[in-house]
Amino acid sequence: MNAMTLDDIIGWKPLLTDEERTIRDSVRRWVTDRYMPRITNDFEQGIFARELISEIADLGVLGANLEGYGCAGASHVAYGLACYELEAGDSGLRSFVSVQTSLAMFAIWRYGTEEQKLRWLPEMAAGKAIGCFGLTEPMHGSDPGGMTTRAVRDGDDWLITGNKMWITNAEFADLAIVWAKTGEDAASVRGFIVEKGMPGYEAHNIPGKMSMRASATGSLVMDQVRVPDSNRLPEAAGLGGPLRCLTNARYSVGFGVLGAARFCLDQAISYTKERTQFGVPLARKQLIQQKLADMGARIVHGCVLGVHYGRLKEQDALHHVQVSLFKRDACQTALDAAREARTVLGANGITTEYHVIRHALNLESTYTYEGTHEIHTLALGRALTGESAF
Ligand code: FAD
């Protein structure tokens, strides 16, 4: 029998518009031609490919699903598919795009003034200004309401003091969306655009990562940074501000990680067709086929759910619990697929040459960031029972 691709088994055709297929295919080509040749070295050296940012912008993926201000205004499904293809390259590449688009640009687009949108969004869509999103702190991750970063009013300005940790793009970001308390409780949280070069603001790289090595992850240190009130995001009030940004971004994480899983499955399939043990290709062994079948089935389920939820998002009808379910299950599917692909490749599976260990290591981060697996489990449990177990 002729082998079918995962794309065949998903049956994308009736699910997607021509524009969505075109975006998916152009991102897939770019990742194959321009990104794959360098990713092993980038990962080994711990480098994010900053020199490719203008090419990434030319793909139209920065702010892809936002309307106006130089953004492509593509569908949420198109953006999800772009993430799916980017993460087949590396989770760090997709994280760069997700943070720029779904966290930093979205925060300005959703909560900013017209002036802020005109100032930043066209440049960010063009990749000429890069953003990061500072919510997590050294002592406050899953519970951001405990944050200690403070913004204190001083005339027409705010003085911001505090530390943010694990911030993607921090090192080279031109602006940081910083969430800070303006009073004692979580209801006083507000968002600010803190610009590179403002006195008292520093960004540092976090060394020693064994995951997301081809992504820039850093910390933000703010000591009485004077930020004009015109840099406050006026439409964001309370923790709902950052949490809505995260719900928005988690859709891109869910779709993205499935791309990494697809890459690992493809790698495992081609390896087992070539690799002979006990006189036959490994692909003929039932235990191997069981692993491939399990991986493939879960990726198919994830992709179909991604399209369904994308369509709900397009109707503004996607509930945050649905996003929690999608992010949680897709990340588990992808992590399991990468680890399983690693076993299928035997010893070769532990080398960067075959990529699956790189994906497995990266997917440890996706399991934890944008709400940990456990936190999304609690969100689902609360939705199903009406009882909060946080
Ligand atoms: P903790 O909250 O300390 O959790 C530790 C463990 O306890 C986890 O297993 C967690 O699930 C569990 N736990 C916590 N609460 C409960 C509970 N109530 N019940 C049961 N178990 C619980 N943050 C940003 O703001 N911006 C970024 O750009 C960003 N990028 C990141 C990039 C990378 C590569 C990584 C690794 C993280 C990034 N983060 C970013 C931070 C990320 O969102 C946090 O790591 C995440 O929210 C978890 O917080 P924590 O690491 O402090 O873990």
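Residues numbered from 1 in each chain as written. Predicted model: local features only at pLDDT ≥ 70, side-chain atom pairs only at ≥ 80, totals over all residues.

1. Quick word on the overall build of the protein chain
Next, step 1: Within the protein chain, the secondary structure is distributed over 11 helices and nine strands.
Next, step 2: Seen along its three principal axes, the alpha-carbon backbone of the protein chain occupies a region of about 80 × 45 × 40 Å.
Next, step 3: For the protein chain, the residues scored as buried account for 50% of the 390 residues in total.
Next, step 4: Across the protein chain, every contact between residues at least 6 apart in sequence was considered, and the portion connecting residues at least 24 apart equals 76%. (Helix = DSSP H or I, 4+ residues; strand = E, 2+ residues; numbered from the N terminus. Buried ≥ 20, exposed ≤ 12 C-beta atoms within 10 Å, placed from the backbone. Contact = placed C-beta atoms within 7 Å.)

2. Some details on the nonpolar core
Next, step 1: V194, A261, A334 and A338 are the most contacted members of the largest nonpolar core, which has 116 residues in total.
Next, step 2: Here this core gets 16 residues from one element, more than from any other, and that element is helix α7 (residues 240-274).
Next, step 3: Not counting chain neighbours up to four residues away, the residues in contact with A261 comprise M295, I299, T333, A334, A337 and A338. (Core = buried A, V, L, I, M, F, W, Y, C linked by C-beta atoms within 7 Å.)

3. Some details on the site of the ligand
Next, step 1: The immediate surroundings of the ligand are formed by 21 residues, with T136, G141, S142, T372 and E374 found nearest.
Next, step 2: Every element with two or more residues in the shell around the ligand is listed here: β1 (131-134), β3 (157-168), α10 (356-368) and α11 (373-385).
Next, step 3: Residue composition of the shell around the ligand, by class: 10 nonpolar, nine polar and two charged.
Next, step 4: Among the domains, domain 2 (131-231) and domain 3 (240-385) are the pair contributing at least three residues each to the shell around the ligand. (Near = placed C-beta within 6 Å. Nonpolar A, V, L, I, M, F, W, Y, C, P; charged D, E, K, R; others polar. Domains from an automatic or database assignment.)

4. Topic: the packing of α7 against helix α8 (residues 286-314)
Next, step 1: It is at 10 Å that the axes of α7 and α8 come closest, and there the two elements cross at 155°. Classified by the interaxial angle, the pair formed by α7 and α8 is roughly antiparallel. When you trace α7 past α8, the crossing you get is left-handed. Contact residues: α7 offers Y251, G254, F255, L258, A261, R262, L265, A268, I269 and T272, while α8 offers I288, L292, M295, G296, I299, G302, C303, G306, Y309 and K313.
Next, step 2: Tallied by class, the residues present in the contact of α7 with α8 amount to 13 nonpolar, five polar and two charged. (Axes fitted to C-alpha atoms, helices over the stretch in contact; angles between N-to-C directions. Parallel < 35°, antiparallel > 145°, perpendicular 65-115°, else oblique. Left-handed = near helix turned anticlockwise from the far one by under 90°.)

5. Examining unusual backbone geometry
Next, step 1: Even without being glycine, Y69 reaches a positive phi, approximately 55°.
Next, step 2: One can find Y69 in the loop between α3 (53-58) and α4 (76-89).
Next, step 3: Located in the positive-phi region is W166, a residue other than glycine, with phi close to 65°.
Next, step 4: With respect to the helices and strands, the residue W166 is situated in strand β3.
Next, step 5: On the neighbour-count criterion, W166 (20 C-beta atoms within 10 Å) is buried.

6. A look at the domain arrangement of the protein chain
Next, step 1: Split into domains, the protein chain comes out as domain 1 (6-125), domain 2 (131-231) and domain 3 (240-385).
Next, step 2: Taking the mean C-alpha position of each, domain 2 and domain 3 sit 30 Å from one another.
Next, step 3: On the domain 3 side, the residues contacting the 10 residues of domain 2 number nine residues.
Next, step 4: Of the residues belonging to the side of domain 2 that touches domain 3, the class tally is seven nonpolar, three polar and no charged.

7. A few points about α10
Next, step 1: The first and last C-alpha atoms of α10 sit 19 Å apart over 13 residues, in line with the 18 Å expected at 1.5 Å per residue.
Next, step 2: Among all positions of α10, only V356, I357, R358, H359, A360, N362, L363, S365 and T366 are buried.
Next, step 3: Positive phi appears at E370, one or two residues downstream of α10, with a value of about 55°. (Expected span 1.5 Å × (residues − 1).)

8. Quick notes on the environment of A173
Next, step 1: With respect to the helices and strands, A173 occurs in the loop between β3 and β4 (175-181).
Next, step 2: The spacing of A173 and N2 is 171 residues in sequence and 48 Å in space, taken between C-alpha atoms.
Next, step 3: Aside from chain neighbours lying at most four places away, what touches A173 is I130, G131, C132, K196 and A203.

9. Quick look at the environment of A125
Next, step 1: Looking at the secondary structure, you find A125 in helix α6 (residues 114-125).
Next, step 2: Among residues more than four places away in sequence, those in contact with A125 are A57, L62, G63, Y69, G70 and C71.

10. Concerning the pairing of β3
Next, step 1: Judged from the five bridges that link them, strand β2 (residues 150-154) and β3 form a sheet pairing that is antiparallel. Paired with R153 across the bridge in β3 is W158.
Next, step 2: The hairpin formed by β2 and β3 contains two residues between the paired strands, and G155 there has a positive phi angle of roughly 65°.
Next, step 3: Where β3 and strand β7 (residues 217-228) come together, nine bridges link them in antiparallel fashion. (Pairing = 2+ DSSP bridges.)

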